[in-house]
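Residue strings, one per chain:
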Amino acid sequence: MTHRLTSKDILALGFMTFALFVGAGNIIFPPMVGIQSGEHVWTAAIGFLITAVGLPVMTVIALARVGGGIDALSSPIGKAAGLLLATVCYLAVGPLFATPRTATVSFEVGIAPLTGDGAMPLFIYSLIYFALVIAISLYPGKLLDTVGHVLAPLKIIALTVLGVAALLWPAGGISPATESYQREAFSSGFVNGYLTMDTLGALVFGIVIVNAARSRGVENARLLTRYTVLAGIIAGIGLTLVYLSLFKLGSGSGGLVDQNANGAAILHAYVQHTFGGVGSVFLAALIFIACMVTAVGLTCACAEFFAQYLPFSYRTLVFILGLFSMVVSNLGLSHLIQISIPVLTAIYPPCIVLVVLSFTLNWWNKSSRIIAPAMLVSLLFGIIDAIKGTSFKDVLPAFFQHLPLADQGLSWLPPALVMLLAAAIVDRIKGREQIAVRQ
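Quick notes on the rules
Residues numbered from 1 in each chain as written. Predicted model: local features only at pLDDT ≥ 70, side-chain atom pairs only at ≥ 80, totals over all residues. Heavy atoms only, no water. Helix = DSSP H or I, 4+ residues; strand = E, 2+ residues; numbered from the N terminus. Rg over C-alpha atoms; globule rule 2.2 N^0.38 Å. Buried < 20%, exposed > 50% of the residue type's maximum accessible area, 1.4 Å probe, protein only. Expected span 1.5 Å × (residues − 1). Phe/Tyr/Trp six-rings, centres within 6.5 Å; stacked < 30°, edge-to-face > 60°. Axes fitted to C-alpha atoms, helices over the stretch in contact; angles between N-to-C directions. Parallel < 35°, antiparallel > 145°, perpendicular 65-115°, else oblique. Left-handed = near helix turned anticlockwise from the far one by under 90°. Contact = heavy atoms within 4.5 Å. Nonpolar A, V, L, I, M, F, W, Y, C, P; charged D, E, K, R; others polar. Salt bridge = Lys/Arg side-chain N within 4 Å of Asp/Glu carboxyl O. Disulfide = S-S within 2.5 Å.

Now for the overall build of the protein. Along the protein, the regular secondary structure elements total 17 helices and zero strands. Taking 439 residues into account, the globule formula puts the C-alpha radius of gyration at 22 Å, and the protein, at 22 Å, falls close to it. With the C-alpha coordinates of the protein rotated into their principal frame, the extents come out at 80 × 60 × 40 Å. Across the 439 residues that make up the protein, the buried fraction comes to 55%.

Right, dumping it as structure tokens:
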């Protein structure tokens, strides 16, 4: 007998997927884009939604089609390269950036306004926060019930209240757009969408979603694909609504905060202005739940992944990852964002290429001939883009500054397309040669 999910289960799966995605980055970056893009907010929003909603949903669908995790998706580039890619993704969305960021964001929104922004309050907070994350992550079997049925609905209700408020009670006037948004509103939004880390998150969470459907007894591959795709679409709709309301919130907060403020400061100023002291408590609770759910999901996913390759048990790895994340989180939010931007700029392009090309596997005689070279070229140019964003930019030859689409942060795209075309021609010729030899 084929097990099927009820409508309620499909909705819960969608809510769980949404809750896993909505972490720190999803709440802090849209208000920043909103306030900085000024009158160009909706142009920037379209770019942002492509990388922060479109790509993650595509990634979930791509993983559903191969019925597994990042290792199944990256099989055309070979085992070693696939493992390296997976390791970099897990480290970036785990202990290096995304997990520590959940602690610093929840601290800056909820605690810093009360205690001040000192090193000691952050240290004490991160100690308690990661003790909780470790405690919950030690029991991954209970996650679905706690996240899917309790924390996700709480998170959705709180985000809805915030979204409706942003629409009904804008805080003030729109600031004029900053220089980069006046020049390139769409592509600035596009590259800022990277910072939510959702495409990397989707590569990591994809297997969690597939397994959640399996835990309800669904074994049929086509049904698993269908349910995972539906969960991805539900999460995508939820994310879009959250982002649109947060863009509105940011763009109307020009009179409250400095235009260069980080997202946590913008949110806090808006909620304080609109709801007063009660609002600050509400926002602190919302961000705390949002960040905690994501931190637990990431810690579990990373510990399960590294347990396959390292001589440590899952439980030991939960402690190691939790403690390491706690140490990194004490760098503070602005520092963390500064360090993560170049790394994400480098690793996002090959991940985008992998996800997009995974939909074309049937077109080629041998898919590894196509995917590996296109990913390699996009990685090389992604690294060049990353160096341009750091203090080492003077090391690069001058012509790298003037590559096509370089101003948009998309200079990897034309060379990747050229490589794809060349690889496709080689694939056609080699495929024909083999047919001719057989005859």
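For the rest of this paragraph, the subject is helix H1 (residues 7-21). The end-to-end C-alpha separation of H1 is 21 Å, in line with the 21 Å expected for 15 residues at 1.5 Å each. Taken together, the buried positions of H1 are occupied by Ile 10, Ala 12, Leu 13, Gly 14, Met 16, Thr 17, Phe 18, Ala 19, Leu 20 and Phe 21.

Another aspect to go through is the packing of aromatic side chains. One pass over the structure, following the stated rule, counts twelve aromatic pairs. With centroids separated by 5.3 Å and ring planes inclined at 90°, the aromatic side chains of Phe 48 and Tyr 243 adopt a geometry described as edge-to-face. In this pair, Phe 48 is assigned in helix H3 (residues 41-66) and Tyr 243 in helix H12 (residues 221-251), connecting sequence segments 195 residues apart. A relative accessible area of 0% means that Phe 48 is categorised as buried.

Moving on to the packing of helix H11 (residues 198-214) against H12. Interhelical geometry of H11 versus H12 gives an angle of 135° and a closest axis separation of 10 Å. With respect to H12, the axis of H11 lies oblique. Considering only the axes of H11 and H12, their crossing is right-handed. Here Asp 198, Ile 209, Val 210, Ala 213 and Arg 214 of H11 come into contact with H12, specifically with Leu 224, Thr 228, Ala 231, Leu 239 and Tyr 243. By residue class, the composition of the contact of H11 with H12 is seven nonpolar, one polar and two charged.

Per the counting criterion, the structure on display carries two salt bridges. The salt bridge partner of Arg 428 is Asp 427, with a shortest N-O separation of 3.7 Å. When salt bridges with common partners are traced through the structure, they connect Arg 369, Asp 427 and Arg 428 into a single cluster.

This next bit is on the state of the cysteines. Two cysteines whose sulfur atoms are joined by a covalent bond form what is called a disulfide. Under the counting rule described, the total for this entry stands at zero disulfides. Left unpaired, Cys 291 is separated from the closest cysteine sulfur, that of Cys 302, by 16 Å. Exposure remark for Cys 291: the relative accessible area of 0% places this residue in the buried category. Not engaged in a disulfide, the cysteine Cys 300 finds its nearest cysteine sulfur in Cys 302; these two sulfurs lie 9.5 Å apart. For Cys 300, a relative accessible area of 4% corresponds to the buried category.

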